[in-house]
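Residues per chain are reported as follows:
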Amino acid sequence: MNKSFSVALKYGLFITTSLIAYFLILRLFDLHQNPWLRLLNGVFMAVGIYYAIKYYKLSVNKDFTYVDGFKTGLITGFVATILFTAFMAVYLFHLDPEFSKKLLSDWFSNYEEGTGILIFIILIEGLASTVILTLTFMQIFKKSHNNLQNP
């Protein structure tokens, strides 16, 4: 199996597990409706992508390229996003349908949209943050081609 893909899959599963555990802990204390607590989801995603790229770079040493690092970060985030979105779809449609109604009370009354829009928002939010975080972290991990020397 490709080293980049195996690292991305490992860290993507780690991020997914962290996101699900965090959501369930919030649910346990009835804090899952507070949108401000979702900011920590970004921290989980950022830490996972950062360490995926870092681990991949350490494992391939001199063979590390920008493209491979970028690919590792994207696949890591995409795996985590897709799996977490699937979990939330099961949760919202089957385990707690009232949760989405509470969150989207205005949407239900005004636009006749529902749980599907929440799933779409979670997916787009995860994919967008993956791209942004990967681009950001690759600025740290890329090889420098700066040949300037101090006089």
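Residues numbered from 1 in each chain as written. Predicted model: local features only at pLDDT ≥ 70, side-chain atom pairs only at ≥ 80, totals over all residues. Heavy atoms only, no water.

1. Points about the overall build of the protein
Helix and strand counts for the protein come out as six helices and zero strands. Counting from the amino terminus, the protein carries its helices and strands in the arrangement α-α-α-α-α-α. Here the protein holds 151 residues, and 36% of them are scored as buried. Residue pairs at least 24 apart in sequence account for 77% of intrachain contacts in the protein once pairs closer than 6 positions are excluded. (Helix = DSSP H or I, 4+ residues; strand = E, 2+ residues; numbered from the N terminus. Buried < 20%, exposed > 50% of the residue type's maximum accessible area, 1.4 Å probe, protein only. Contact = heavy atoms within 4.5 Å.)

2. Thoughts on the nonpolar core
By size, the foremost hydrophobic cluster in this structure holds 28 residues, and its most contacted members are Ile 49, Ile 53, Phe 64, Met 88, Leu 92 and Phe 137. Of all the secondary structure elements, the ones that give two or more residues to this core are helix H1 (3-28), helix H2 (39-60), helix H3 (66-95) and helix H6 (115-141). Dropping the residues within four chain positions of it, Ile 53 is found in contact with Phe 64, Gly 69, Thr 72, Gly 73, Thr 134, Phe 137, Met 138 and Phe 141. (Core = buried A, V, L, I, M, F, W, Y, C linked by side-chain atoms within 4.5 Å.)

3. What to know about the packing of H3 against H6
For any two helices packed against each other, the geometry is given by the interaxial angle and the distance between the axes. At a minimum axis distance of 9 Å, the contact between H3 and H6 shows a crossing angle of 160°. When the axes of H3 and H6 are compared, the pair comes out roughly antiparallel. Handedness of the crossing formed by H3 with H6: right-handed. Taken together, the residues that form the contact of H3 with H6 break down as 17 nonpolar, eleven polar and no charged. (Axes fitted to C-alpha atoms, helices over the stretch in contact; angles between N-to-C directions. Parallel < 35°, antiparallel > 145°, perpendicular 65-115°, else oblique. Left-handed = near helix turned anticlockwise from the far one by under 90°. Nonpolar A, V, L, I, M, F, W, Y, C, P; charged D, E, K, R; others polar.)

4. Here's the deal with the packing of H1 against H3
Interaxial distance between H1 and H3 falls to 8 Å at its minimum, and their mutual angle equals 35°. Relative to H3, H1 is oriented so that their crossing is right-handed. The class makeup of the residues in the contact of H1 with H3 is 19 nonpolar, five polar and three charged.

5. Observations regarding a nonpolar patch on the surface
A cluster of nonpolar side chains, namely Tyr 66, Val 67, Phe 78, Ile 82, Val 131 and Leu 135, defines an oily patch on the protein surface of about 490 Å² accessible area. For the nonpolar patch, the secondary-structure elements that each account for two or more residues are H3 and H6. A total of four residues in the nonpolar patch trace back to one element, the largest contributor, which is H3. Mapping Tyr 66 onto the fold places it in helix H3. Note on Tyr 66: relative accessible area 34%, which makes it partly exposed. (Patch = residues over 30% accessible without salt bridge, like charges linked within 9 Å, V, L, I, M, F, W, Y side chains within 5 Å. Areas by Shrake-Rupley, 256 points an atom, 1.4 Å probe, with all protein chains shown as cover. Salt bridge = Lys/Arg side-chain N within 4 Å of Asp/Glu carboxyl O.)

6. Quick look at the pattern of salt bridges
Two side chains carrying opposite charge are able to pair once their charged atoms lie near each other. As enumerated under the stated definition, the model contains two salt bridges in all. Across the pair Asp 30 and Arg 27 runs a salt bridge, and its minimum N-O distance is 3.9 Å. A salt bridge links Asp 68 to Lys 71, with the shortest nitrogen-to-oxygen separation between them at 4.0 Å. A residue pair is termed a helical-turn pair when its members lie 3 or 4 positions apart in one helix, as Asp 68 and Lys 71 do in helix H3 at three residues.

7. Looking at the packing of aromatic side chains
Two aromatic rings are characterised by how far apart their centres lie and by the angle between their planes. Scanning all chains against the criterion turns up eleven aromatic pairs. Three or more aromatic residues joined by ring pairs form one cluster here, namely Phe 23, Phe 84, Phe 87 and Tyr 91. Between the NZ or CZ atom of Lys 10 and the centre of the ring of Tyr 55, over which it lies, the distance is 4.8 Å. (Phe/Tyr/Trp six-rings, centres within 6.5 Å; stacked < 30°, edge-to-face > 60°. Lys NZ or Arg CZ within 6 Å of the ring centre and 35° of its normal.)

8. Quick word on the environment of Gly 116
Residue position: Gly 116 is located in helix H6. Residue classification places Gly 116 among the partly exposed positions, given a relative accessible area of 43%. Along the backbone, Gly 116 and Ala 89 are 27 residues apart, and their C-alpha atoms lie at a distance of 8.3 Å.

Nothing here speaks to function; it is geometry throughout.
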